[in-house]
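Each chain, letter by letter, is given below.
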Amino acid sequence: MLRRGSQALRRFSTGRVYFKNQLKLALIGQSLFGQEVYSHLCKEGHQVVGVFTVPDKDGKADPLALAAEKDGTPVFKFPRWRVKGKTIKEVAEAYRSVGAELNVLPFCTQFIPMDVIDSPKHGSIIYHPSILPRHRGASAINWTLIMGDKKAGFSVFWADDGLDTGPILLQRSCDVEPNDTVDVLYNRFLFPEGIKAMVEAVQLIADGKAPRIPQPEEGATYEGIQKKENAEISWDQSAEVLHNWIRGHDKVPGAWTEINGQMVTFYGSSLLNSPVPPGEPLEMKGAKKPGLVTKHGLVLFGNDGKALMVRNLQFEDGKMIPASQYFSAGETAVVELTAEEKKVAETIKVIWAGILSNVPVIEDSTDFFKSGASSMDVVRLVEEIRQKCGGLQLQNEDVYMATKFEDFIQKVVRKLRGEDQEEELVVDYVSKEVNEMTVNMPYQCFINGQFTDAEDGKTYDTINPTDGSTICKVSYASLVDVDKAVAAAKDAFDNGEWGRMNARERGRLMYRLADLLEENQEELATIEALDSGAVYTLALKTHIGMSVQTFRYFAGWCDKIQGSTIPINQARPNRNLTFTKKEPLGVCAIIIPWNYPLMMLAWKSAACLAAGNTLVLKPAQVTPLTALKFAELSVKAGFPKGVINIIPGSGGIAGQRLSEHPDIRKLGFTGSTPIGKQIMRSAASNLKKVSLELGGKSPLIIFNDCEIDKAVRMGMGAVFFNKGENCIAAGRLFVEESIHDEFVTRVVEEIKKMKIGDPLDRSTDHGPQNHKAHLEKLLQYCEAGVQEGATLVYGGRQVPRPGFFMEPTVFTDVEDHMYLAREESFGPIMVISKFQNGDIDGVLLRANNTEYGLASGVFTRDINKAMYVSEKLEAGTVFINTYNKTDVAAPFGGVKQSGFGKDLGEEALNEYLKTKTVTLEY
């Protein structure tokens, strides 16, 4: 870097050159925050001429001192700056010797004399973690939460001889979330944004652009330092006030009360907005109503009848436990370590020694926090262990729960052994050696995080359509099982971890689930081939591949769901702010079809989960196995119990109960139009939200100016893709008269080349129909066509081999009044009608003469014709010179009796969200 006077000349790879003013800085303060401000200022080219910090504590240097000493920056460690109100001469001389032009105080617990403050050319700036003039004093973050402020933030101000009263240089603010703690607020906003702001403030001063805005006295408050002795909970207050008091002291100094003669400190408070779960009473000194120890935590009650819940408790000896374990927190047996575990323990001891450098020897009794560790050291400990112990994943709470080294090692070992999990997932698989692999298939109901038999023990056979054999017996869910699943989903939404989880964590779980689906794609595709007859290569690419893409797409949406602000007429002389919030609905039911078992699950459940709902999903009775495998993978991904529930069984029992259940707030269904109508009638019982993707009779219009090769190839795909078991399959082809015969001839030629056979054979083009009843229905459909006078050009028969195979079929001369022209086959049957040359409006009239409107298509080289036709076709999707081209980002759904509501794309999220309007006056 070239230097010219007090400016730095920077050159970038683009060739641009610009000048940046620099200052000589003295940093006065301490902590990791001070260290980060120091490092960022150095990176920006400013010259830190001296660092003034606190003396080493128990032989351990402050992080700011460590960073500066490593760089060779002069470091001064003064225990104090003045005695009896007068500046210590030696301290003042040492300070003046560095020749600073500006003092920067990022975080400072010492009192700095005014002659030092005013000494530099530009004076001194200080970081304060509140929006001044509110919350002057040393515990500003605590008081922001204690007082229930809706906004938090920080100020960078010019130091004066008052107490946090100097002129403002800049301020930044953020919303306070309902369950924010001091640590959460600090780590999310005050720490990272504060560092940026300090650097920005210094640059504004260097550039001569820094403002000095006097602090108003209106709204000014001053609160003292919060200490343990004055953090006792006063119980005669509302639940919200109690919640704010507890979270405002979390983690330091900790709000406490007396229980059974012992000081007990509360951590992890959240407001309880759902019915109070059952629990065991716990008397607390001064509380008019006992708390309740529940399986989710300790419920506390305000004097307004409302409740809150705390997650963790800490006793006087420093031991922390989950609040739910208060009555079962006895002594835990000491675990004997294996040789491999002893190696891990030694590695962790080295990590502790590196953090607690002031402690000569790490012993079993060494306490992490009593030895001087801070909350930032917790982050370092967790990350170092992950890095050096084979990716071992700990949570910050694990450190707080076991602060002594011996207890911490015991906790780590239990985690390594999987003993700390709430309940181990037990899966009773049906295993098969097939497709050159062992396929493990769960077959029981999945309710509240566990696989379990149906309440009445009933099962049914799921059949392999390739040969008609039984794959396995599957649990047949009863009404009791449905109610259990809904109750589990409701509890998970109202009281569980899922309801409190932030959006990015929700997205992380969904990304992990997508990864697991991808890692297990061969097994999933094999199960799909066995259970639904899908050709393996198609299952791998579409059934499973698009499922992975769908979960990844919606995982990315989790933290991008947002409302809007709305300008409204002001209620003069006051002013109003109106905004909307997008909120999850609650428990959602999803009922899916049998043609794409996993993909239909993904299309609906990914949007449902991204929006923050919990779900109960009923797979098609004939294809339950990939849904149950999905349930297993969801546990491995880390989804809390109760969030996802899978209940195999019949539509008449399980599906009907879901559609009328009073605790279901949304039902998403894909299936036939008659069943969709029945669901709407049942859903009216509690006016639950409904989205329906129903039957179709999708028209495909092929004009004589098309690319005939492409039209033949894609026209066949439009009908025969996935054996014709495709909701958007072209149910009727309209081919212009002049190319009609050629088109039919070429289609038949291509059909004869298709290989019909085992779906696990990589060369197979066409597998078996999904189940026997469906095959029989298709054969009857063909018989009806012949009887009405349509011309059967090819196929129309069952393939003479075991299983449910049908020949790809072609009918021509299909007239508009015929059954084939009006009803969907949902199979490999091409229905072709001829239209006169040039009769665009006539063929459109015929194409729209149906009660369905799911998809449609047109093939032509004429873009004007294509756009005209696309505007006139009455369908949710129009394909032009292509077909079956769906994408996770493009909304999908029908009109008319093909249903309403959308899967996929941003619009799908709205199917699983509700909009709340909030208006305030100020």
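An unreviewed UniProt entry annotates the protein chain as 10-formyltetrahydrofolate dehydrogenase originating from Pipistrellus nathusii. If you open the UniProt record of the protein chain and go to Catalytic activity (unreviewed entry), you find "(6R)-10-formyltetrahydrofolate + NADP(+) + H2O = (6S)-5,6,7,8-tetrahydrofolate + CO2 + NADPH + H(+)".

To continue, consider the overall build of the protein chain. If you tally the helices and strands in the protein chain, you get 27 helices and 43 strands. Overall, the protein chain is about 110 × 65 × 65 Å in size when its C-alpha atoms are taken along their principal axes. When burial is assessed residue by residue, the protein chain has 54% of its 922 residues classed as buried. The long-range fraction of contacts in the protein chain, counting pairs at least 24 apart against all pairs at least 6 apart in sequence, stands at 68%. With an accessible surface of roughly 40,400 Å², the protein chain has 50% of that area assigned to carbon and sulfur atoms. Computing the positive centroid from 105 side-chain charges and the negative centroid from 118, the protein chain places the two 4 Å apart.

With that settled, the discussion passes to the packing of helix α1 (residues 31–43) against helix α2 (residues 63–71). α2 packs onto α1 with a crossing angle of 30 degrees between their chain directions and a minimal axis gap of 7 Å. Taken together, α1 and α2 sit at an angle that is classed as roughly parallel. Across from Ser 31, Leu 32, Gly 34, Gln 35 and Tyr 38 in α1, the residues of α2 making contact are Pro 63, Leu 64, Ala 67, Ala 68 and Asp 71. Split into classes, the residues belonging to the contact of α1 with α2 amount to six nonpolar, three polar and one charged.

Time to look at the pattern of salt bridges. As enumerated under the stated definition, the model contains 41 salt bridges in all. With a closest N to O distance of 3.7 Å, Glu 258 and Lys 285 form a salt bridge. Remark: Lys 285 occurs in the loop between β15 (280–282) and β16 (291–293) and Glu 258 occurs in strand β13 (residues 255–259); sequence separation between them is 27 residues. What makes Glu 258 partly exposed here is its relative accessible area of 28%. We classify Lys 285 as exposed; its relative accessible area is 53%. Between Glu 742 and Arg 746 there is a salt bridge whose closest N-O contact spans 3.3 Å.

Okay, the UniProt feature "active site" (unreviewed entry) in the protein chain next. Here, the residues flagged by UniProt with the feature "active site" (unreviewed entry) are Glu 693. Mapping Glu 693 onto the fold places it in strand β32 (residues 689–693). The class of Glu 693 is buried, set by a relative accessible area of 2%. If sequence neighbours within four positions are ignored, Glu 693 has contacts with Met 600, Phe 669, Thr 670, Gly 671, Cys 727, Leu 854, Phe 892, Ser 898 and Asp 903.

To continue, consider a negative patch on the surface. Together, Glu 363, Asp 364, Glu 406 and Asp 407 line one region of the surface with negative charge. For Glu 406, the position within the fold is in helix α11 (residues 405–417). According to the relative accessible area criterion, Glu 406 is partly exposed, its value standing at 39%.

Moving on to the packing of aromatic side chains. Tallying each qualifying case throughout the model produces 29 aromatic pairs. Taking 4.6 Å as the distance between ring centres and 45 degrees as the angle between the ring planes, the aromatic pair formed by Phe 33 and Tyr 127 counts as tilted. Within this pair, whereas Phe 33 is found in helix α1, its partner Tyr 127 is found in strand β10 (residues 124–128), the two being separated by 94 residues in sequence. Members of the aromatic cluster, each reached through a chain of ring pairs, are Phe 33, Tyr 127, Phe 154, Tyr 186, Phe 189 and Phe 191.

End to end, helix α21 (residues 708–720) covers 18 Å across 13 residues, agreeing with the expected 18 Å (1.5 Å per residue, within 8%). Within α21, the full set of buried residues consists of Ile 708, Ala 711, Val 712, Gly 715, Met 716, Ala 718, Val 719 and Phe 720. The arc that holds the buried residues of α21, viewed along the axis, is 165 degrees, so those residues lie on one side. Packed against the buried residues of α21 are β33 (698–702), β34 (730–736), α22 (737–753), β36 (809–812), β37 (829–835) and β39 (855–859). Looking at the residues trailing α21, positive phi occurs at Asn 722, about 55 degrees.

With that settled, the discussion passes to the sheet that holds strand β43 (residues 913–921). In spatial order, the strands read β26-β27-β43; together these three strands make up an open sheet with antiparallel pairing. A single partner strand is all that each edge strand has here, and the edge strands are β26 (565–566) and β43. As paired elements, β26 and strand β27 (residues 576–584) share two bridges and run antiparallel to each other. Across the sheet, residue Thr 565 finds its bridge partner in β27, namely Phe 579.

As a further point, take unusual backbone geometry. Following Leu 132, the chain continues into Pro 133 via a peptide bond in cis, with omega recorded as 15 degrees. Relative to the helices and strands, Pro 133 resides in the loop between β10 and α5 (140–146). With phi around 60 degrees, His 135 is a residue other than glycine that occupies positive phi space. You can see His 135 is positioned in the loop between β10 and α5. Not every positive phi belongs to a glycine, and Glu 436 is a case in point at roughly 60 degrees. Note that Glu 436 resides in the loop between β20 (430–434) and β21 (437–441). Overall, Glu 436 belongs to the exposed group, its relative accessible area being 85%.

The next point concerns the sheet that holds β34. Strand order across the open sheet formed by seven strands is β35-β36-β37-β34-β33-β39-β40, with mixed pairing between neighbours. Looking at the sheet topology across the chains shown, the edges are occupied by β35 (791–794) and β40 (877–880). Recorded for the sheet is a direction-independent mean angle of 25 degrees between the axes of neighbouring strands. With four bridges joining them, β39 and β40 adopt parallel strand pairing. What sits directly across from Gly 857, in β40, is Phe 879.

It is worth spelling out a nonpolar patch on the surface at this point. A cluster of nonpolar side chains, Leu 577, Leu 920 and Tyr 922, forms an exposed patch at the surface whose accessible area comes to about 280 Å². With respect to the helices and strands, Tyr 922 occurs in the segment after β43. Take Tyr 922: its relative accessible area is 54%, and that puts it in the exposed class.

As a further point, take the pairing of strand β25 (residues 470–475). Sheet topology places strand β24 (residues 459–463) next to β25; five bridges connect them, and they run antiparallel. Counted as the bridge partner of Tyr 460 is Val 474 from β25. Linkage of β24 to β25, two consecutive antiparallel strands, is achieved through a turn of six residues, within which Gly 468 is found at a positive phi near 80 degrees.

With that out of the way, let us pick up helix α3 (residues 89–96). All of the buried residues in α3 are Val 91, Ala 92, Ala 94 and Tyr 95. Here the buried residues of α3 occupy an arc of 160 degrees about the axis, which is enough to place them on one side. Set apart from the buried face of α3 by more than 90 degrees, the exposed residues are Lys 89 and Glu 90. The secondary structure elements touched by the buried residues of α3 are β4 (24–28), β5 (47–53), β6 (75–77), β8 (86–87), β9 (102–105) and α4 (114–117).

Now for the side chain of Asn 645. In this structure, Asn 645 sits in strand β30 (residues 644–646). Taking relative accessible area as the criterion, Asn 645 reaches 0% and is therefore assigned buried. Among the polar contacts listed, one links the side chain of Asn 645 to the backbone oxygen of Gly 642, at a separation of 2.9 Å. Aside from chain neighbours lying at most four places away, what touches Asn 645 is Phe 446, Ile 447, Asn 448, Ala 485, Ala 488, Ala 489, Leu 615, Val 616 and Leu 617.

The full count for this structure, using the stated rule, is zero disulfides. With no disulfide of its own, Cys 108 lies 18 Å from the sulfur of Cys 42, the closest cysteine sulfur. For Cys 108, a relative accessible area of 23% corresponds to the partly exposed category.

This part covers the environment of Val 378. With respect to the helices and strands, the residue Val 378 is situated in helix α9 (residues 375–388). Separated by 462 residues in sequence, Val 378 and Ile 840 place their C-alpha atoms 71 Å apart. Excluding residues within four positions of it along the chain, Val 378 makes contact with Phe 368, Phe 369, Asn 396, Val 399 and Tyr 400.

Cut-offs used in this document
- Residues numbered from 1 in each chain as written.
- Predicted model: local features only at pLDDT ≥ 70, side-chain atom pairs only at ≥ 80, totals over all residues.
- Heavy atoms only, no water.
- UniProt positions renumbered as here; feature names shortened; annotations may be inferred.
- Helix = DSSP H or I, 4+ residues; strand = E, 2+ residues; numbered from the N terminus.
- Buried < 20%, exposed > 50% of the residue type's maximum accessible area, 1.4 Å probe, protein only.
- Contact = heavy atoms within 4.5 Å.
- Areas by Shrake-Rupley, 256 points an atom, 1.4 Å probe, with all protein chains shown as cover.
- Lys, Arg positive; Asp, Glu negative; His and termini not counted.
- Charge placed at Lys NZ, Arg CZ, Asp CG, Glu CD.
- Axes fitted to C-alpha atoms, helices over the stretch in contact; angles between N-to-C directions.
- Parallel < 35°, antiparallel > 145°, perpendicular 65-115°, else oblique.
- Nonpolar A, V, L, I, M, F, W, Y, C, P; charged D, E, K, R; others polar.
- Salt bridge = Lys/Arg side-chain N within 4 Å of Asp/Glu carboxyl O.
- Patch = residues over 30% accessible without salt bridge, like charges linked within 9 Å, V, L, I, M, F, W, Y side chains within 5 Å.
- Phe/Tyr/Trp six-rings, centres within 6.5 Å; stacked < 30°, edge-to-face > 60°.
- Expected span 1.5 Å × (residues − 1).
- Arc of directions from axis to C-beta.
- Pairing = 2+ DSSP bridges.
- Polar contact = N/O pair within 3.5 Å; in protein donor to acceptor, adjacent residues only side chain to side chain.
- Disulfide = S-S within 2.5 Å.

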